[in-house]
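# Coordinates in review
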Amino acid sequence: MGRFIIKRLFLMAFMLIGLLAITFVISHIAPTDPAALAAGPDADTEMIERYRLEYGLDQPVYVQFGNYLTRLMNGNWGTSILTTRAVADDLLLYFPNTFELVVFSIGIAILLGIPLGVTAAVLQNTWADHTIRILTVSGVAMPMFWLGLMTQLYFALYLGWFPLGGRMNMMTDPPDPITNLLIVDSILRGEFGTTAEALTHIVLPAVALCFPALASIIRVNRAEMLETLKQDYIINAMAHGISMVRIVSVYALKNAMLPTMAMIGLRFGWMLGGTVLVETVFDWPGIGLYAVQATISSDFEPIMGATIVLGGFFMFTNLIIDLVYAWLDPRIRGQI
Amino acid sequence: MPDKPILSFIDFKLNFDTFDGVYQAIDGISFDLNPGESLGIVGETGCGKSVTAKSIMGLLPSPPAEVAGGGIWFDGRNLLKEKSSTLKSIRGNEISMIFQDPMTYLNPVFTIGKQIVDVILAHQKRGNHGRSLTSKQAFQYGMELLDKVHLPNPRRQMKSYPHELSGGMRQRVLIAMALSGQPKLLIADEPTTALDVTIQAQILELISELREQLNLSVIMITHDLGVVATVCDRVLVMYAGQIVEDASIKQLFNNPSHPYTRGLLQAVPDPAKPNKKLKGIPGALPNLLNPPIGCRFQTRCSSASEKCTRMPALNKIRTNQKVACWNVGTT
Amino acid sequence: MVGSTNQRTNLATVMLIQDSNADHVSESFADRHASTYRTLRLYARTFRRNTSAMFGLAIVVVFLVVAAIGPWIVPFPEDATGAVHLDIKLQPPDSTHWFGTDEVGNDIFTRVVLGTRTTLQIACIVTGVAMLIGVPLGMIAGLVGGWVQEAIMRVTDVFLSVPGLVLAIAIVGALGPGIVNAMLALSLVWWPGYVRLVQAKTLALKNEIYVQAAYSIGASKLRIVFIHILPNCTSPIIVKASMDMGMAILGAASLGFLGLGAQPPFPEWGAMISIARTYLPDWWWYSFFPGLAISLTVLGFNLLGDGLRDILDPKHRD
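Residues numbered from 1 in each chain as written. Chains lettered and ligands numbered in written order. Predicted model: local features only at pLDDT ≥ 70, side-chain atom pairs only at ≥ 80, totals over all residues.

## Quick word on the overall build of chain C
A count of helices and strands for chain C gives 12 helices and 0 strands. Secondary structure elements of chain C occur, N-terminal to C-terminal, as α-α-α-α-α-α-α-α-α-α-α-α. Burial status across chain C gives 45% buried among its 318 residues. Partitioning the intrachain contacts of chain C with sequence separation of at least 6 by distance along the chain shows that 67% fall at a separation of at least 24. (Helix = DSSP H or I, 4+ residues; strand = E, 2+ residues; numbered from the N terminus. Buried ≥ 20, exposed ≤ 12 C-beta atoms within 10 Å, placed from the backbone. Contact = placed C-beta atoms within 7 Å.)

Have a look at this one:
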């Protein structure tokens, strides 16, 4: 197991370098001069040239890439024109919000998706199955941002159950940071009023964000459950009089969970991509909104920073999912 | 007849209601199985032998399977009329089944031990053995069972996963599971087909040994007449959902009477005459969506005649031998 | 146990054989391609029986027709090119303006209908370019093997490990907003999926006995690619392409919504919603109808893809 983790960590390091190479290449395909970009919008020619020398932009590409890596390692991720602060600081500030949102969202998707998938499989071709199918089919088809707007319209504006957007009310003081995760911190500090407020704020964006992933998880879980329930070992368990509830919830589900895990890993990427949309709709102060605002105002360094953080986060979650997969499947566990 | 039969099929009919029509998988079969007897059911793929076994266990999904008549009596109860909870308590406790491919009948993601313990606990919950085992005792009992089926090092095997075991070992595990509820009847559906020849012999030997030890009745489903000769007292030959011959082992091999039985025997290589040319049976199983009227074997039978368009009954032609053929007994 | 599906398929084949026997008396072309006809007819039969796939096909066909004849059927064609009628701005849906009007008095129905063409164009181009990059790369990786395969697959892995939309935004960020750049960005993040699909399929096909046999009798590599590998890759590629059309529509609309894709007054659904959201909740129809159009088209392509998978990829049949 230890060797497996080390191997995967090496692979992840390689992938991270690949990701940085992509962002590096992207910053070089920009039609604007990178030196001019780095110098900022108000710089004159002389300043741009100074930047070119300072950042080594006159050197060969591989040297530049090396410099780029060193620079990032040292925590120098550039400066945001928009917020006039260091990109690294901005990312540290916004990442916990995005983290909370996606964790909450994938939590909803898994906790709802697996029982619904199992239900649809067990009640195959009944009204329950058909209802769930309509949910899944429309779930993948609806654009996340539109779904967000429509839930805002109905649940926030019409019914008034949830706030319209934002991380919390303007007037509320956030708890003193411990983990920088608002919900966790407010619980740790015992400020449960703030916790409740944070929770009401997170529900709508999390639901809008989780919908496509939820739909995929239900779909895959249903298909895999149906496939598994046809397997010989299920017939054997039935032949021994093991209860149907146990067969479905233990014998079949653990097998069906393997492909479902793979799907969860894949869809987590959708979710991270979706944060740019949902955070824009719900005015959620996370990395997605940060990246979008930076893109609109051609603020280059924050976009790259956000790409690296979201890509790295995706790689990290895939590592975790691989570990869970290995833990679930003894055949893989045996090989590592 | 010395004992009351433990299992009786009385004119049992079963259809599969498919998209294209009604597929008459079993068409009126009747037979008795006596306590302690070992009965073989032979026939080619698709003749209904596995379906017969699975109907005893109530393992056929419905739809498409649909009982179209008759009854299956086990120990004085009609299995087709019992509540599903009663059936559950019969399954594994009184009737157990082992299957063809041991590779696929064990759940790949749980240890052998967990699967055996689960089965043991399920049995004692439903059965009436008057015992109540803790899971620790169930684990102990599981190891005893593995020992009984001659699986080396039971303690270690309990902790291993199915993929770590060979085919023969897995079949032993499945037999151990089948024995855990102390059944009266063991149904073995092609238990050795997927195994190497040497392992086959070991498993058959094990089944014979257990049968004597535990006074089990056995139904052995196979297409291999060699298997039948090793373990069975009596044989049913099935063709296209019907029983065409019901004979003791001795009669079957000495006086095979139905043309289909004779054909089957001629298709078996004889080690004593290695140069003898094997004869197959020409043609294929009839389409059971629309079976031929009368004897179902007539399309492939060399001695078929006018009267074969009427259905022959299963008639006793000698002691321990019944045949369903117009040309047998009269000639 | 009797697999009823299997039974059904076999019977269907039998019936089709009889069918083709009936009409191959005269034609030699039909004769030579009898097996192709049979397969196609079997596909058609399976597809027709699949209600949701037919529904998907119907939606896709309707939107294709709308895209083709849109400019000639819309009631107010000038509304897509920046006309301004401030006197009728933000009117709710009625008999003249079916979907209502927007903030400059343009007919939303007209703009949604004309947006169909934009959307389908973007989706086709994105999927097409992704295929043009991905399929050859995947095939090369699968056939050549060695370090070439390693290189191609590792690059693919890296691309797949970044959330697509984020990468697309980064690319648009570098190139600047606009519909062409948005298409380019989406294409650049879309191809890795095809590489993986085709590479896996090619690897599997390479070991098939008939391909090995072709090698052993000295068939050229090019011939093997075009006769044996490519045709056998088409089914999964078609299925994926159909699904990807839907995803590409969502991707393009998302970029439009963020203001990074098509720019107003160009009629594009995502961009329309981007402006419309500022008019929520009172003028709800403004964002409702373009969103509905997106959902419906994507739904159509997804159902169609599902149906195609059912007939072309029998392993996944229910």
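## A word on the pairing of strand β7 (residues 185-189) of chain B
In the case of a regular strand, side chains alternate between the two sheet surfaces. Residues and elements named next belong to chain B. Burial analysis of β7 places 5 of its 5 residues in the buried class, which makes it a mostly covered element. Where strand β6 (residues 95-98) and β7 come together, 4 bridges link them in parallel fashion. In the strand pairing of β7, Met97 is matched with Ile187. Pairing geometry for β7 and strand β8 (residues 217-221), over 5 bridges, is parallel. Bridge pairing in β8 places Ala188 opposite Met220. (Pairing = 2+ DSSP bridges.)

## A short note on the nonpolar core
Judged by nonpolar contacts, the single largest core of 261 residues is most densely connected at Ile187(B), Ala168(C), Ile169(C), Ile171(C), Leu186(C) and Ala248(C). The greatest single-element share of this core, amounting to 18 residues, is contributed by helix α11 (residues 244-282) of chain A. (Core = buried A, V, L, I, M, F, W, Y, C linked by C-beta atoms within 7 Å.)

## A look at unusual backbone geometry
All names here are of chain B. Backbone geometry at Gln182 places phi at a positive 50°, although glycine is not the residue there. Structurally, the position occupied by Gln182 is in the loop between α6 (167-179) and β7. Its identity as a non-glycine residue notwithstanding, Glu190 has a phi of 45°, on the positive side. Note on placement: Glu190 falls in the loop between β7 and α7 (197-214).

## What about the environment of Leu252(B)?
All names here are of chain B. Relative to the helices and strands, Leu252 is located in helix α9 (residues 249-254). Judged by local crowding, Leu252 falls into the buried class, with 28 C-beta atoms found within 10 Å. Each C-alpha atom of the pair Leu252 and Arg156 lies 44 Å from the other, and the pair is 96 residues apart in sequence.

## A word on the interface of chain A and chain C
Contacts between chain A and chain C engage 40 residues on the former and 37 residues on the latter. Going through the elements one at a time, α1 (2-29), α6 (127-141), α7 (144-158), α11, α12 (287-296) and α13 (300-328) of chain A are the ones with two or more residues in the side of chain A that touches chain C. Grouping the amino acids of the side of chain A that touches chain C by side-chain chemistry returns 29 nonpolar, 11 polar and no charged. (Nonpolar A, V, L, I, M, F, W, Y, C, P; charged D, E, K, R; others polar.)

## Things to note about the sheet that holds strand β2 (residues 21-33) of chain B
All names here are of chain B. Overall, antiparallel pairing links the 4 strands, which are arranged β2-β1-β4-β5 in an open sheet. Only two strands of the sheet have a single partner each, and these edge strands are β2 and β5 (77-78). Pairing of strand β1 (residues 7-18) with β2 involves 10 bridges; the strand directions are antiparallel. Paired with Asn15 across the two strands is Gln24, which belongs to β2. Seen against the sheet, helix α1 (residues 49-57) touches β1, β2 and β4 (65-74) and runs at an angle of roughly 75° to β2. (Axes fitted to C-alpha atoms, helices over the stretch in contact; angles between N-to-C directions.)

Such coordinate-based values are descriptive only and should not be taken to indicate function.
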